[in-house]
Amino acid sequence: MIARRELDHYRDFGFIRPQPLLAAAEAARYREACEGSCVEAGRKPSRRQQDARVKPYLLFPWAAELVRHRALLDMVEAVIGPDILVFHTTV
């Protein structure tokens, strides 16, 4: 859960400093999936890959899973409450 001082920092400055949410292996798995979705090794990105940087959670299962990750949602809920909608992400 987020500390009270972090919530105060958010209210004062409009952002929360990075928080540990994922285990190292879990973060590595998401990173690998993301990198695989964005650029094929040694090739120029295709148009679809470029377009996939915006709202990737609509295209890729790994991204849909990440935006619904319990630890992430718990952090967001602590800041803005339980009415959460993912509208935009960029990779």
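Residues numbered from 1 in each chain as written. Predicted model: local features only at pLDDT ≥ 70, side-chain atom pairs only at ≥ 80, totals over all residues. Heavy atoms only, no water.

### What about helix H5 (residues 70–80)?
In step 1: Looking only at H5, the buried set comprises Leu-73, Met-75 and Val-79. In a view along the axis of H5, the buried residues occupy a sector of 160 degrees, so they form one face of it.
In step 2: The inward-facing, buried residues of H5 contact helix H1 (4–13) and helix H4 (61–67).
In step 3: Positive backbone phi, approximately 100 degrees, marks Gly-81, located one or two places after H5. (Buried < 20%, exposed > 50% of the residue type's maximum accessible area, 1.4 Å probe, protein only. Helix = DSSP H or I, 4+ residues; strand = E, 2+ residues; numbered from the N terminus. Arc of directions from axis to C-beta. Contact = heavy atoms within 4.5 Å.)

### Let's talk about the environment of Gln-19
In step 1: Along the chain, the position of Gln-19 falls in the loop between H1 and helix H2 (24–38).
In step 2: C-alpha of Gln-19 to C-alpha of Met-75: the two residues are 56 residues apart in sequence and 8.8 Å apart in space.
In step 3: Among all residues touching Gln-19, those that are not within four sequence positions of it are Glu-6 and Met-75.
In step 4: Engagement of the side chain of Gln-19 in a polar contact is seen with the backbone oxygen of Arg-17, the distance being 3.0 Å. (Polar contact = N/O pair within 3.5 Å; in protein donor to acceptor, adjacent residues only side chain to side chain.)

### Some remarks on the environment of Arg-29
In step 1: The residue Arg-29 is located in helix H2 in this model.
In step 2: We classify Arg-29 as partly exposed; its relative accessible area is 43%.
In step 3: Sequence spacing of Arg-29 and Trp-62 is 33 residues, and the spatial spacing of their C-alpha atoms is 9.0 Å.

### Concerning the packing of aromatic side chains
In step 1: Tallied over the entire structure, the rule returns one aromatic pair.
In step 2: With a centroid separation of 6.2 Å and an interplanar angle of 20 degrees, the aromatic rings of Phe-60 and Trp-62 are classed as stacked. An identical accessibility class is assigned to Phe-60 and Trp-62; each is buried.
In step 3: The ring of Tyr-30 carries Arg-29 above its face, with NZ or CZ at 4.6 Å from the centroid. (Phe/Tyr/Trp six-rings, centres within 6.5 Å; stacked < 30°, edge-to-face > 60°. Lys NZ or Arg CZ within 6 Å of the ring centre and 35° of its normal.)

### Observations regarding the nonpolar core
Across soluble globular proteins, you tend to see nonpolar side chains buried next to one another.
In step 1: Grouped together as the largest cluster of nonpolar side chains are eight residues: Tyr-30, Cys-34, Cys-38, Tyr-57, Phe-60, Trp-62, Ala-63 and Val-67.
In step 2: Among the elements of the structure, H2 and H4 are those that each provide at least two residues to this core. (Core = buried A, V, L, I, M, F, W, Y, C linked by side-chain atoms within 4.5 Å.)

### Section: the pattern of salt bridges
In step 1: In total, this model carries seven salt bridges according to the counting rule given.
In step 2: With a closest N to O distance of 3.2 Å, Asp-74 and Arg-70 form a salt bridge. Here the residue Asp-74 and the residue Arg-70 both occupy positions in helix H5, the gap between them amounting to four residues, near one helical turn.
In step 3: Since its relative accessible area comes to 30%, Asp-74 is described here as partly exposed.
In step 4: Using a relative accessible area of 52% as the deciding quantity, one classes Arg-70 as exposed.
In step 5: Each of Arg-4, Asp-8 and Arg-11 takes part in a single network of salt bridges with overlapping partners. (Salt bridge = Lys/Arg side-chain N within 4 Å of Asp/Glu carboxyl O.)

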